[in-house]
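# Overview (structure and organization)
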Amino acid sequence: MTIKVLLADDQTLLRSAFRVLVDSEPDMTVVGEASDGAQAYELTRAARPDVVLMDIRMPGTDGLAATRMISQDPELTGVRVVILTTFEVDDYVIQSLRAGASGFLGKGAEPDEMLGAIRVAAAGEALLSPAATKGLIAKFLAQGDGSGEEGPAGPGFERLATLTGREREVLVLVAGGLSNDEIAEQLEVSPLTVKTHVNRAMAKLGARDRAQLVVVAYESGLVRPRVQ
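Residues numbered from 1 in each chain as written. Predicted model: local features only at pLDDT ≥ 70, side-chain atom pairs only at ≥ 80, totals over all residues. Heavy atoms only, no water.

## What to know about the packing of helix H1 (residues 12-23) against helix H5 (residues 111-122)
Put simply, the rule is: Working convention: axes come from line fits to C-alpha atoms, limited for helices to the stretch in contact. Angles between N-to-C directions cover 0 to 180 degrees. Secondary structure elements are taken from DSSP: a helix is a run of H or I of four residues or more, a strand is a run of E of two residues or more, and numbering for both begins at the N terminus. Roughly parallel means an angle under 35 degrees; roughly antiparallel means over 145; roughly perpendicular covers 65 to 115; every other angle is labelled oblique. Should any heavy atoms of two residues lie within 4.5 Å, those residues are considered in contact. Only Asp, Glu, Lys and Arg are considered charged, only Ala, Val, Leu, Ile, Met, Phe, Trp, Tyr, Cys and Pro nonpolar, and every remaining residue, Gly among them, polar.
Packing of H1 against H5 leaves a shortest axis separation of 11 Å and a crossing angle of 70 degrees. Here H1 is positioned roughly perpendicular relative to H5, judged by the angle of their axes. Residues Phe18, Leu21 and Val22 of H1 form the contact with H5, whose own contacting residues are Pro111, Met114, Leu115 and Ile118. Split by residue class, the contact of H1 with H5 holds 7 nonpolar, no polar and no charged.

Below, the structure written as structure tokens:
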């Protein structure tokens, strides 16, 4: 199956470079280019890409607003947005995840890394590596007493009421930046079992992917980050 990619960036030369890279792969094709967020949203509705590579800083409607528009459109539930940032972690990343982005990628990423990110997002996984998760937590969610364990209930804690004890336990570990294999080893279960718990948690919480689970875990107060 060919992965359809939409490029949204206000820099023409950068879009051209991304197009050459994406179109060089036999399993990918660029279905459109947008220079601002409003155009990105309209082209997403028209072309129905699998993945949108979205620059967060664009004139007019920026990437954050466009991501929110895409994620809130019931006709675009299958579209995954990957935010492109100048820095892998900057002040807009957590807002992007809250808006519905599946993850983020630094503009300085190697070509193979970017192509891998597109494939990961198209497969419905979150483009939020354990290392990136930890960086995100340290940068934007450094609050509480620094225990890194389950914390007091936050304003969204009631959202977790539908989770089983095991699903909540897995959610804590996901928010800690552990991969499925690492969680499986810690809980002494199979990676497939962990994936099942993660998928059920996403369904119950209305999370699009793993990235959204991290946001829910911290915003609800289930987990508090370690303060370095």
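Here the narrative resumes, following the displayed structure.
## Observations regarding the packing of helix H9 (residues 191-205) against helix H10 (residues 210-219)
To keep things clear, this is the line we draw: Two helices cross in a left-handed way if the nearer one is turned anticlockwise from the farther one by less than a right angle. They cross in a right-handed way if the turn is clockwise.
Close contact between H9 and H10 brings their axes to 10 Å; oriented N to C, the two are set at 65 degrees. Judged by the inter-axis angle, H9 sits roughly perpendicular to H10. Along this stretch, H9 crosses H10, giving a crossing that reads as left-handed. Contact with H9, carried on its side by Val198, Ala201, Met202 and Leu205, involves Arg210, Leu213 and Val216 of H10 and no other residues of that element. Residues belonging to the contact of H9 with H10 are distributed by class as follows: 6 nonpolar, no polar and 1 charged.

## Section: the pattern of salt bridges
Put simply, the test is: In the sections that follow, a salt bridge refers to a side-chain nitrogen of Lys or Arg positioned within 4 Å of a carboxyl oxygen of Asp or Glu.
Evaluation of the coordinates by the stated rule reveals 10 salt bridges. For Asp23, the salt bridge goes to Arg19, with nearest N and O atoms at 3.5 Å. Highlighted residues: Asp23 and Arg19, both in helix H1, separated by 4 residues, approximately one helical turn. Among the salt bridges present, the one from Glu167 reaches Lys204, with a minimum N-O distance of 2.9 Å. Here the residue Glu167 occupies a position in helix H7 (residues 165-175), and Lys204 occupies one in helix H9, the gap between them amounting to 37 residues.

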